[in-house]
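# What the coordinates show
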Amino acid sequence: MYKWFLAWRYLHTKLIAFFAVCAVALCVFMVLVAMSVMGGFVDKVRERSRGLLSDVIVEAGTMQGFPYYQKFIDVLMSDHRDVVQIATPTIVAYGILRVPDTTLTRPADVRGIKLDEYVQVNTFGQGFHYDRYYPGTTHLGLQRQPFAGFDADGALTLPPDHVKANEKWRRAETDPKAIADYDAEPFRLRGSSEGGDRIFDVDSTDIRAVYGGDAFPGVIVGCDMINERTREGGYKRWDPRGIRMTLTTIAITASGNLTGEAPVSIPLRLADDSHTGVYEVDVKAVYVDFDMLQKKLGMNAMPRGDGTFIQARAKQIIIRLHEGIELNAGADEIRTAWTEFLAALPVQLDLNDERSLGFVRVSTWEEMQSTFIGAVEKEKILMMVILGVISIVAIVLIGCVFYMIVEKKTRDIGVLKALGASGTGIAGIFITYAAGVGAAGSILGAGFGALFVHYINEIQALLERVHPQLRVWNPEIYSFDRIPNVVKPDDVITIVLVAITAAVIGATIPAIIAGRVWPVKALRYE
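Note that the structure is a prediction, hence the values are computed from the model and not measured. (Residues numbered from 1 in each chain as written. Predicted model: local features only at pLDDT ≥ 70, side-chain atom pairs only at ≥ 80, totals over all residues. Heavy atoms only, no water.)

## Here we look at the overall build of the protein
Let me state the cut-off plainly: Starting at the N terminus, helices and strands are each numbered in turn, a helix being any DSSP run of H or I of at least four residues and a strand any DSSP run of E of at least two. The cut-offs for exposure are 20% and 50% of the maximum accessible area for each residue type, with area from a 1.4 Å probe on protein chains only; residues under the lower value are buried, those over the upper are exposed, and the others partly exposed. Pairs of residues are marked as contacts when any of their non-hydrogen atoms sit within 4.5 Å. Calculation of accessible area relied on Shrake-Rupley with a 1.4 Å probe; when residues are assessed, cover is drawn exclusively from the protein chains displayed.
Scanning the protein for helices and strands turns up 20 helices and 19 strands. When each of the 526 residues of the protein is scored for burial, the buried share is 46%. Taking the intrachain contacts of the protein between residues at least 6 apart in sequence as the baseline, contacts between residues at least 24 apart amount to 80%. By element, 59% of the accessible surface of the protein is carried by carbon and sulfur atoms, the whole surface being about 26600 Å².

## Describing the pairing of strand β13 (residues 264-274)
Regular strands place side chains that alternate from one sheet face to the opposite one. Where we set the bar: In short, DSSP must find at least two bridges between two strands for them to pair.
With respect to burial, β13 is a largely interior element, nine of its 11 residues being buried. Two strands pair when backbone bridges link them, and strand β9 (residues 211-222) and β13 are joined in this way by five bridges, in the parallel orientation. Bridged to Gly 218 within β13 is Arg 269. Two strands pair when backbone bridges link them, and strand β12 (residues 244-249) and β13 are joined in this way by six bridges, in the antiparallel orientation. Directly across from Arg 244, in β13, lies its bridge partner Arg 269.

## Considering the pairing of strand β18 (residues 316-321)
Burial analysis of β18 places five of its six residues in the buried class, the great majority of the element. Looking at chain direction, strand β3 (residues 84-99) and β18 are connected through six bridges and run antiparallel. In the sheet register, Thr 90 faces β18, and the bridge partner there is Gln 316.

## Remarks on a nonpolar patch on the surface
Here is the rule we go by: Note on patches: the residues involved have over 30% relative accessible area and no salt bridge, like charges join within 9 Å, and the nonpolar side chains Val, Leu, Ile, Met, Phe, Trp and Tyr join within 5 Å. Throughout this description, the term salt bridge denotes a Lys or Arg side-chain nitrogen within 4 Å of a carboxyl oxygen of Asp or Glu.
Side chains of Phe 150, Leu 156, Leu 189, Val 202 and Ile 207 sit close together on the surface and give an oily, nonpolar patch of about 430 Å² of accessible area. In this fold, Leu 156 is placed in strand β6 (residues 156-157).

## Quick word on the pattern of salt bridges
Tallied over the entire structure, the rule returns 17 salt bridges. Ionic pairing is found between Arg 320 and Glu 323, a salt bridge with its closest N-O pair at 3.8 Å. In this structure, a network of salt bridges that share partners links the residues Asp 197, Arg 198, Arg 237 and Asp 273.

## Looking at the environment of Pro 303
Examined against the element boundaries, Pro 303 turns out to sit in strand β15 (residues 302-303). For Pro 303, the residues in contact, after removing those within four places along its chain, are Thr 308 and Phe 309.

## Overview of the packing of helix α6 (residues 160-172) against helix α7 (residues 176-184)
For clarity, the threshold we go by: Comment: axis = line fitted to C-alpha atoms, over the contacting stretch for helices; angle = value between 0 and 180 degrees taken between N-to-C directions. Should an angle fall under 35 degrees it is called roughly parallel, over 145 degrees roughly antiparallel, and 65 to 115 degrees roughly perpendicular, with every other angle called oblique. By convention the crossing between two helices is left-handed if the near helix lies anticlockwise of the far one by an angle smaller than a right angle, and right-handed if it lies clockwise. Polar here means any residue other than Ala, Val, Leu, Ile, Met, Phe, Trp, Tyr, Cys and Pro, which are nonpolar, and Asp, Glu, Lys and Arg, which are charged; Gly is therefore polar.
Across the interface, α6 lies against α7 with an axial gap of 10 Å and an inter-helix angle of 150 degrees. Relative to α7, α6 is oriented roughly antiparallel. For the element pair α6 and α7, the recorded crossing hand is left-handed. Facing Asn 166, Trp 169 and Arg 170 of α6, the residues of α7 in contact are Ala 178, Ile 179, Tyr 182 and Asp 183. Of the residues that constitute the contact of α6 with α7, the class distribution is four nonpolar, one polar and two charged.

## Description of the environment of Ala 461
As for its position among the elements, Ala 461 is in helix α17 (residues 456-466). Accessibility expressed as a relative area gives 10% for Ala 461, which makes it buried. For the pair Ala 461 and Arg 471, spaced 10 residues apart in the sequence, the C-alpha separation amounts to 7.5 Å.

## So, the confidence of the model for the protein
Test applied: As a per-residue measure, pLDDT reflects the predictor's confidence and takes values from 0 up to 100.
Across the protein, the average pLDDT comes to 82, with 85% of residues at 70 or higher. When mean pLDDT is compared element by element in the protein, β12 scores highest at 96, while helix α1 (residues 2-13) scores lowest at 49. Residue range residues 1-7 is modelled with pLDDT below 50. Its contacts to residues more than four positions away, or to other chains, number 14 contacts.

## Quick word on the nonpolar core
Using the following cut-off: Residues belong to one nonpolar core when they are buried, are Ala, Val, Leu, Ile, Met, Phe, Trp, Tyr or Cys, and are joined through side-chain atoms within 4.5 Å.
The biggest cluster of nonpolar side chains holds 60 residues, and the ones touching the most others in it are Ile 319 and Ile 334. If near-sequence neighbours (up to four positions away) are discounted, Ile 319 is found in contact with Ser 54, Asp 55, Val 56, Val 58, Leu 76, Val 84, Ile 86, Ala 87, Val 121 and Ile 334. Membership of the second largest hydrophobic core comes to 19 residues, among which are Val 401, Val 437, Ile 495 and Ala 499.

## Some remarks on the environment of Leu 342
Looking at the element boundaries, Leu 342 is found in helix α11 (residues 327-344). In sequence terms Leu 342 and Glu 354 are 12 residues apart; their C-alpha atoms lie 9.7 Å from each other.

## Considering the side chain of His 80
Selection criterion: For the purposes of these results, a polar contact is taken to be a pair of N or O atoms within 3.5 Å, where, inside protein, one atom must be able to donate a hydrogen and its partner to accept one; residues adjacent in sequence count only when each atom of the pair is a side-chain atom.
Counting through the fold element by element, His 80 comes out in the loop between α3 (69-79) and β3. On the accessibility criterion, His 80 (14% relative accessible area) is buried. For His 80, the side chain forms a polar contact with the side chain of Glu 333, separated by 2.9 Å.

## Observations regarding α3
Every α-helix winds through 3.6 residues per turn, so residues three or four apart in the chain are directed the same way. The cut-off we apply is this: This arc describes the spread of directions from the helix axis toward the C-beta atoms.
Of the positions making up α3, those classed as buried are Tyr 69, Phe 72, Ile 73 and Leu 76. One face of α3 carries all of its buried residues, which in axial projection span an arc of 105 degrees.

## Quick look at α7
For α7, the full list of buried residues reads Ala 178, Ile 179 and Tyr 182. On an axial view of α7, the arc spanned by its buried residues comes to 95 degrees, and they lie on one face. In α7, the exposed positions that point more than 90 degrees away from the buried face belong to Pro 176, Lys 177 and Ala 184. A distance of 3.1 Å separates the backbone nitrogen of Lys 177 from a side-chain oxygen at the start of α7, and that oxygen is part of Asp 175.

Right under this line is the structure:
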């Protein structure tokens, strides 16, 4: 009993213990912040990669894509329905996106998708902006521009289908603040000097809320491509929904050569913008209709002069597996299915098709991102090693502090031994004392660390207001637009246990020295 009593008394009465507690708290704080940010970064890479790519990807190794993609999808959906939930083709190209009204011009990673299938195969649909407030109005088909105008009562409003869609959102929305924020400012008109969250144009020739302009295919663009990011993490939008855009790209033949024709210019209308949370995607991504892009790039089926057909081509098949299907096992089945599919093709392949099919690879999302994920995980391990070495300072400091305490408490140790305390009991006092120091420091460090991580984005915003150069997280470098700020309970428990163990290790030698003190010598010199 005396061990616990004396350990507690030393802990809250001796000022010197404060320095040891601070050392432990600082080390726990540093390690927890680093582990939470780096661990969160790895988790986000995995989460976003799977969300953008889905489970398994059948991909051509060449820009011209590969033929017979639809036949293989049909095989998957008929013969492998127990493994494959849905599969959809995509086309990947490069181009230039231009907004004629503002002359804004951006390089673009162009992706042709079947929107109704694409939103089922991954999490793409969760990032739409306008479709959140007007569900069902985002599509890639032919569309005209929605204009704001006045209703019969003279109130500024949107076209009827937008109003009905907004009412649908209101009924489904569970966050009262989101509805209140919308009601405070449903939308702004184009030309506002402050930008806005939802921007619509007005028709100078018609005061009603109508659709106007020529009908063009829709386009979904990355939110960082045309919008201005605010310091709070939101976006200011300047271009109204439905504004005309022009996408310029280049067609490639089945052999991988340029067609020799002029670049393909495609008039489009802004259907929505998408926020994936990955800066590198959101600053360049452009999504258009698969069939339209396939035709514009000459990747659709076309007749030859001899009566045969050039096969339609796609760049990827993105596949989502059923829940419960192990990723690698599903990928292996699809690889086997692809090999059997090639062997069973009933037609004689021409040279271009044979070569294109030979470059096709079946990969999981982890395999496609393995280089990047592996590099981030190694950085996390390196960071933990560096911080672990730094934390050794805490062990040394605790050892020094406890050695000084043992030196000062020689008389107390002598008295206790004279009263019958054993050497093990005396050592136990200081071991318990050290555990208390480690526990106190760990709780303080973990508490402040968790608080810091929770508000880390707000802290960065505050530092940026003080001076722009103080911004430490650049989305252009780190991919994600916000610093990961999730503290895992398992990490906290592990760090606290390690910190307490380290404190006990640091006090072990002074405790052994205290246990070996002879009472006669201690009392004689005191």
